[in-house]
Amino acid sequence: MAQVTRSPKTYDVCVIGSGAGGGMAAKVLTEGGLTVALLEAGPQVYPEKDFKMLMWPYDLPHRGAGVGGSALENFGEFLAPNGAWDIAGEPYTSAPGADFQWFRSRIVGGRTNHWGRIALRFAPVDFRSYTRDSLGADWPITYEDLAPYYDKVESYIGVFGTKENVSSAPDGVFLPPPKPRCHELIVKKACDKLNVICIPSRLAILTRSVNGRLPCHYCGQCGRGCVTASNFSSSQVLLPPAMTTGKLTVITGAMAREIVVGKDGKAEGVSYIDKTTRMEKRISARAVVVAASACESARLLLNSKSSLFPDGLANSSGTVGRYLTDSVGSDGWGEFPFLDKMPPHNHDGVGGMHMYIPWWKFDRKNDFPRGYHIEMWGGRDMPGVGMFDGLCHREEGYGAGLKQRARKVYGTTIGFSGRGEMIPNPDTFCEIDPEVVDQWGIPVLRFHFKWTDYELRQAQDMQQTFRAIVEAAGGEYRTKTRIDGPYPFGIQPGGKIIHEVGTARMGADPKSSVLNGYCQAHDVKNLFVTDGASLVTNPDKNPTLTIMALSWRASEYLLSEAQKGNI
Amino acid sequence: MSSQGVTRRDILKTLAMGAVGGSVLQVIPAKAAEFAHQAVRKEKATSPAGKYTPKYFSAHQYETLNSLCDAIIPKDDRSSGAVEAGAPEFIDLLTGENEKYQLRLGGGLVWLDSFCDDRYAKTFLECAPEQRTEVLDLIAYRKNAKKDASLSQGVAFFAFLRKMTCDGFYTSKIGIADLQYIGNTSLREFPGCPPVPGVTT
């Protein structure tokens, strides 16, 4: 080990990962007076240079398709520079039949640079799921434990929305919402007819100035990254204040390989590969916060084997990597020819939906457990690559007729995305592949993934609902799905919704969980996991807001334990 | 464009500092951000007008490609066509970078000439306008390949080229204006949906 470069100083905390969970930990811990070394596997992000806000497709030679069309599979070239389904030299493997997709970001801010900004609180009932239906597990904490942190996160990052008093979708601290777009008004009207709840959405985008950040300028391009930081990203909202304390050291290009444990069983640092030199380096720290993304964090724990922890760190329960879930996703769309009567108008709005459908069937018996929410899209979006793929495929032909049809159908479709809760199952988990390492010599993950009838029935219900809404709104439902094949009812492959969580879950019982209610490892008192890995359930609410609330709470706990000398 | 007291040097400094550089985002006004974008846009913009030299296709193939793009999205009374919108350049650029595209489009163009040669003893470009139309009417629809399997490669080729031509056209200034898209700009308030009786009211 002579070649390993050790950091000359010992930091109070080493945080691994700079996304929602890691960025929040870095902010709270440094503001609480601790010194933090933040490891990020990717490079620095430079919003003014890297983000393609307000650019036109023709400003780029590849028009958004990327070199050789490569960006088409990764949400297009305009997306914030933010990772991909496949990263050269950093593979993962799938067990036969698993078809799990893993979107990873290697950049400061992680996936928060591009995320959908949908910021939904989990509901009280989501923390007591097992008590309700005997599936999965209950959380060791309640909604009331987390509510003050939801308040703090929303107040700090800025989330718009409205007070609605819907039990499945608790209200928060909200900025005013933007006015609805045309297609959203049409959907709302149809939902009213069908007794489906349709309310203003809740996104982490500023409709008023917050903490000196400018309000949204309504270009509709949040996914590209926002140069004025008018939406939330860890890189622009959490790390700058942490930096201001003078206590944060960001180390980019640092691929964490192992959490190093002392003879006393406590974490004493992190070994990482410096991607520039391909040499191993070591950070010494009094505590370690892992927030590398749910599966990456599980990988790091499983790879941190020692004589004290032969099955991986904090894994005496054998549950690291288990209880993996993603959101159930199924999409559908309809054609609304009458929308061609709309005059050309600016429909951009914020980067995301202005209205959404929270889970509304919580008051009745359904043929699947838990629930889903529905996102919506459509209308006169900025044209881009792929916009007329569907038209070309359906109507074929060429010439003046094709051009005329494109004009006619532009802006006349409305689409829906159902996002629902998956129940953890024993066939879905990640583990270390016994044979494959990445280019940094680090053993990679192998995924096992399976949907069960619970999820398939939910996807079926989504399709039925989409059709009902489209028809009630006067449109024609166009999505065709099969009841068999690999993707029944249009269910997306696991991982595709990028809500993978649960791989180091918290729990009251150390035998069946990795962390306690403060995201602290049962087995290692100075080790915390503050990303999606800690989530016990994966309700129909996008996990990011909850990850930040949990990370804030865990970081405050870490601070108080440090003050008491318990770390 | 007014930079409201923010100099190019300030912006370059900002760019160099990056997100965790600290309070950058508090001090950089929207105008400065826009200024930075203009600078980036200029650097990234495609080369100025002039005769385009194809990077991948041969001169003959590129001429054929132009003819096909023009047939797929022609000029009409509202706007120019795919060729004026730069679709062939876009297609050539991507094809040069992607082996699959090379097989589908490069191979497809050879298939087209062979097909025309069998049928009319001419290349596609040498064909009379009615002959070209006859060929395109055959390969523009999947149902023709169901009747005559020898057309299936041509149908697949044309479907891909049609998609690429649409992508090239509708991502151009001309194509975006053709759809009368309004947006990609900064607004102080979002106005919401304009009321249209019977549609949104």
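Just so we're clear, the structure is a prediction, and the values are computed from it rather than from any experiment.

**Student:** Describe the overall build of chain B, listing the residues and the values that go with them.
**Tutor:** Along its length, chain B carries 10 helices and zero strands. For chain B, the N- to C-terminal ordering of α and β elements is α-α-α-α-α-α-α-α-α-α. Summarising the internal contacts of chain B: among those between residues at least 6 apart in sequence, 58% fall at separations of at least 24. In the structure as shown, chain B presents an accessible area of about 10200 Å², 54% of it carried by carbon and sulfur atoms.

**Student:** I'd like a description of helix α4 (residues 143-157) of chain A, backed by residues and values.
**Tutor:** All names here are of chain A. Counted at 1.5 Å a residue, the expected span for α4 with its 15 residues is 21 Å, and the 20 Å between its end C-alpha atoms agrees. Every buried residue of α4 is listed here: Y143, L146, A147, Y149, Y150, V153, E154, Y156 and I157. In this structure, the buried residues of α4 make contact with α1 (20-31), α6 (234-244) and α11 (544-564).

**Student:** How would you summarise the interface of chain A and chain B if you had to cite specific residues and measurements?
**Tutor:** Taken together, the contact pairs 86 residues of chain A with 77 residues of chain B. Taking both partners together, chain A and chain B bury about 7000 Å²; carbon and sulfur atoms supply 62% of that area. By the criterion of area lost to chain B, the three top residues of chain A are E48(A), Y398(A) and K403(A), representing 12% of everything that side buries. At the junction of chain A and chain B, the tally comes to five salt bridges. Note that K163(B) and D389(A) form a salt bridge whose closest N and O atoms lie 3.0 Å from each other.

**Student:** A description of the pattern of salt bridges should follow, citing residues and the corresponding values.
**Tutor:** All names here are of chain A. Scanning all chains against the criterion turns up 42 salt bridges over all chains. For the salt bridge of D484 with R482, the shortest nitrogen-to-oxygen distance reads 3.1 Å. With relative accessibility at 40%, the residue D484 sits in the partly exposed group. R482 gets classed as exposed once you look at its relative accessible area, which sits at 55%. The closest approach of N and O atoms between E561 and K564, which form a salt bridge, is 3.3 Å. Here K564 and E561 lie together in helix α11, a separation of three residues that amounts to about one turn. Each of the salt bridges in this network shares a partner with another, and the network as a whole consists of E90, R106, K275, E296, R299 and D438.

**Student:** Outline the packing of aromatic side chains, supporting the account with residue identities and numerical values.
**Tutor:** Enumeration over the complete set of coordinates arrives at 34 aromatic pairs over all chains. Seen in terms of ring centroids, W360(A) and Y372(A) are 5.6 Å apart; in terms of plane orientation they differ by 85°. Their pairing is edge-to-face. Of this pair, W360(A) sits in the loop between β10 (355-356) and β11 (372-378) while Y372(A) sits in strand β11, and the two are 12 residues apart along the sequence. Every member of this aromatic cluster is reached through a ring pair, and the members are Y92(A), F100(A), W102(A), F447(A), F449(A) and W451(A). The ring of F160(B) has R104(B) lying over it, and the distance from NZ or CZ to the ring centre is 4.0 Å. The ring of F124(B) has R132(B) sitting right over it, with the charged end atom 5.4 Å from the ring centre.

**Student:** Go over the sheet that holds strand β13 (residues 429-437) of chain A with me, naming the residues and quoting the values.
**Tutor:** Residues and elements named next belong to chain A. Pairing in this open sheet of three strands is mixed, and the strands run β3-β14-β13 from one edge to the other. Two strands close off the open sheet at either side, each with one partner strand: β3 (93-94) and β13. For β3 and strand β14 (residues 443-448), the ladder comprises two bridges, and the chain directions are parallel. Residue pairing across strands places T93 opposite R446, the latter belonging to β14. Seen against the sheet, helix α7 (residues 294-303) touches β13 and β14 and runs at an angle of roughly 60° to β13.

**Student:** Hey, could you go over helix α7 (residues 129-139) of chain B for me, with residue numbers and the actual values?
**Tutor:** Residue and element names in this part refer to chain B. Of all the residues in α7, the buried ones are Q131, V135, L136 and I139. Summarising the axial view, the buried residues of α7 lie within an arc of 135°, below the 170-degree limit, and thus occupy one face. Looking at α7, the residues exposed on the side facing more than 90 degrees away from the buried face are P129 and E130. Next to the buried residues of α7 lie α4 (59-72), α6 (99-120) and α9 (152-170).

**Student:** Summarise the packing of α1(A) against α6(A); cite the residues concerned and give the values.
**Tutor:** Residue and element names in this part refer to chain A. Across the interface, α1 lies against α6 with an axial gap of 8 Å and an inter-helix angle of 20°. Taken together, the axis directions place α1 and α6 in an arrangement best described as roughly parallel. The handedness of the crossing between α1 and α6 comes out as left-handed. Listed contacts from α6 to A20, G23, M24, A26, K27, T30 and E31 of α1 are S234, L238, L239, P241 and A242. Looking at the contact of α1 with α6 residue by residue, the classes come out as seven nonpolar, three polar and two charged.

**Student:** How would you sum up the sheet that holds strand β9 (residues 328-335) of chain A? Please name residues and give values.
**Tutor:** Two modes of strand pairing occur in sheets, parallel and antiparallel, and in both the strands are linked by backbone hydrogen bonds. Residues and elements named next belong to chain A. Read from one edge of the open sheet, four strands run β11-β12-β9-β15, paired in antiparallel fashion. Bordering the open sheet on either side are β11 and β15 (476-477), each of which pairs with just one other strand. Here β11 pairs with strand β12 (residues 413-420) via seven bridges, running antiparallel. Considered in β12, the bridge of M376 is made with F416. Sheet strands in contact with helix α10 (residues 453-472) are β9, β11, β12 and β15, and its direction is about 20° off that of β9.

**Student:** Talk me through the packing of α1(A) against α11(A); I want residue IDs and the actual numbers.
**Tutor:** Residues and elements named next belong to chain A. At a minimum axis separation of 8 Å, α1 and α11 run at an interaxial angle of 35°. In the crossing of α1 with α11, the sense of the turn from one axis to the other is right-handed. Along its contact with α1, which presents A20, G21, M24, A25, K27, V28 and L29, the element α11 presents T544, I547, M548, S551, W552, S555, E556, L558 and L559. Residue composition of the contact of α1 with α11, grouped by class: 10 nonpolar, four polar and two charged.

Thresholds applied
- Residues numbered from 1 in each chain as written.
- Chains lettered and ligands numbered in written order.
- Predicted model: local features only at pLDDT ≥ 70, side-chain atom pairs only at ≥ 80, totals over all residues.
- Heavy atoms only, no water.
- Helix = DSSP H or I, 4+ residues; strand = E, 2+ residues; numbered from the N terminus.
- Contact = heavy atoms within 4.5 Å.
- Areas by Shrake-Rupley, 256 points an atom, 1.4 Å probe, with all protein chains shown as cover.
- Expected span 1.5 Å × (residues − 1).
- Buried < 20%, exposed > 50% of the residue type's maximum accessible area, 1.4 Å probe, protein only.
- Buried area = accessible area lost by both parts, 1.4 Å probe.
- Salt bridge = Lys/Arg side-chain N within 4 Å of Asp/Glu carboxyl O.
- Phe/Tyr/Trp six-rings, centres within 6.5 Å; stacked < 30°, edge-to-face > 60°.
- Lys NZ or Arg CZ within 6 Å of the ring centre and 35° of its normal.
- Pairing = 2+ DSSP bridges.
- Axes fitted to C-alpha atoms, helices over the stretch in contact; angles between N-to-C directions.
- Arc of directions from axis to C-beta.
- Parallel < 35°, antiparallel > 145°, perpendicular 65-115°, else oblique.
- Left-handed = near helix turned anticlockwise from the far one by under 90°.
- Nonpolar A, V, L, I, M, F, W, Y, C, P; charged D, E, K, R; others polar.

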